[in-house]
Amino acid sequence: MPTSKKAAPAVVLPVLDGEDPWTAEEVEEQRAELQEELERVERRIATTEAELESLLKGGTDGAGRDPADVGSSNFERDQEVSLAANVKEMAEQLHLAISRFDDGEYGLCEVCGQPIGKGRLQVFPRATLCVTCKQREERR
């Protein structure tokens, strides 16, 4: 007996009042965009960590170096550490967004449970808060 494959259920993403519903193609594109962005960010993490490791290994030799050179090296190292932290945070946000997508919670605000909005997600796919909750968070 031939077995028939069941089609995967269509993912329905929430929208705000007045927004057009997500099409199947848009949903697929959104999921692909999240995955592609995660891959880009993970490559940036690898590059940033390699640069940071190089700076840390090269920055231990301070004997006989001009204080201005040491200060510049320290500044550069601090910048790389900050950049690495920001990129890792982006990766965490992307992992969370993909997880929420797979769990059927993508597009709903983590705080109030209301739709984040199609327009916001198309511009900022890793958003987990609606505009109102994000503004409230930033005021704190």
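Predicted model, so just to flag it, every value in this text is computed and none were measured. Position labels on residues start from 1 in each chain and follow its written sequence. Local features in a predicted model are, by the rule used here, given only for residues with pLDDT of at least 70; side-chain atom pairs are given and counted only at 80 or more, and totals for whole chains, interfaces and linings are based on all residues. Note: side-chain values were computed over all heavy atoms of the structure, leaving out hydrogens and water.

How should the overall build of the protein be read in this particular structure?
Numbered from the N terminus, helices here are DSSP runs of H or I no shorter than four residues, and strands are runs of E no shorter than two. Counting its regular elements, the protein contains four helices and zero strands. In the protein, the share of contacts with a sequence separation of at least 24, taken over all contacts with a separation of at least 6, comes to 59%. Method for areas: the Shrake-Rupley scheme with a 1.4 Å probe, in which residue coverage is limited to the protein chains shown. Surface exposure of the protein reaches about 9,700 Å², of which carbon and sulfur atoms provide 51%. A contact between two residues is defined here by any heavy atoms of the two lying within 4.5 Å.

Quick question: what am I supposed to make of the nonpolar core here?
In summary, soluble globular proteins display a tendency toward joint burial of nonpolar side chains. We define the nonpolar core as a collection of buried residues of types Ala, Val, Leu, Ile, Met, Phe, Trp, Tyr and Cys that are connected through side-chain atoms lying within 4.5 Å of one another. Buried means the residue's accessible area, taken with a 1.4 Å probe over protein chains only, is under 20% of the maximum for its type, while exposed means over 50%, and partly exposed covers the values in between. Counting 22 residues, the largest nonpolar core has Leu13, Leu34, Val41, Phe101, Tyr106, Cys109 and Leu121 as its most contacted members. Elements with a minimum of two residues in this core: helix 1 (24-58) and helix 2 (67-102). In terms of residues, this core owes the most to one element, helix 2, which gives seven residues. When residues no more than four places from it in sequence are discounted, the contact partners of Tyr106 are Leu13, Pro14, Gln30, Leu34, Ala97, Arg100, Phe101, Leu121 and Pro125.

Hey, could you run me through the UniProt feature "domain: Zinc finger DksA/TraR C4-type" (unreviewed entry) in the protein in this one?
Within this structure's numbering, the places UniProt gives as "domain: Zinc finger DksA/TraR C4-type" (unreviewed entry) are residues 104-139. Across residues 104-139, the secondary structure splits into 42% helix and 0% strand, with the terminal C-alpha atoms separated by 29 Å. UniProt positions are given in the numbering used here, feature names are shortened, and annotations may be inferred rather than shown by experiment.

Would you mind showing me how to read the pattern of salt bridges here?
We define a salt bridge as a side-chain nitrogen of Lys or Arg found within 4 Å of a carboxyl oxygen belonging to Asp or Glu. Taken as a whole, this structure holds seven salt bridges when the rule is applied. With a closest N to O distance of 3.0 Å, Lys88 and Glu49 form a salt bridge. Of this pair, Lys88 sits in helix 2 while Glu49 is found in helix 1, placing the two residues 39 residues apart along the sequence. The class of Glu49 is partly exposed, set by a relative accessible area of 36%.

Explain the layout of surface pockets to me, please; I cannot follow it from the model alone.
To find leftover empty space, a probe the size of one water molecule is rolled over the atoms. Method remark: on a 1 Å grid restricted to protein atoms, a set of points is classed as a cavity if a 1.4 Å probe fits but cannot get out and as a pocket if it is open with protein on both sides within 12 Å along at least five of seven lines; lining residues have an atom within 4 Å of a point. Grid points are joined across faces, edges and corners, and a volume is the space filled by probe spheres set on the points. Taken as a whole, the largest pocket holds about 200 Å³ of empty space. Of all the secondary structure elements, the ones that give two or more residues to the lining of the largest pocket are helix 2 and helix 4 (131-139). Sorting elements by how many residues they give to the lining of the largest pocket places helix 2 first, with three residues. Gly is put with the polar residues, along with every residue not named as nonpolar or charged; the nonpolar set is Ala, Val, Leu, Ile, Met, Phe, Trp, Tyr, Cys and Pro, and the charged set is Asp, Glu, Lys and Arg. Within the lining of the largest pocket, the residues separate by chemical class into four nonpolar, two polar and six charged.

Please explain the state of the cysteines as it appears in this structure.
Think of a disulfide as a covalent bridge from one cysteine sulfur atom to another cysteine sulfur atom. Disulfides are defined as cysteine sulfur pairs within 2.5 Å. Per the stated rule, a full pass over the model turns up zero disulfides. You can see Cys109 has no disulfide; the closest cysteine sulfur is in Cys133, sitting 3.7 Å from it. In this model Cys112 remains outside any disulfide bridge; the closest cysteine sulfur is found in Cys109, 3.7 Å from its own. By relative accessible area, which is 37% here, Cys112 ends up partly exposed.

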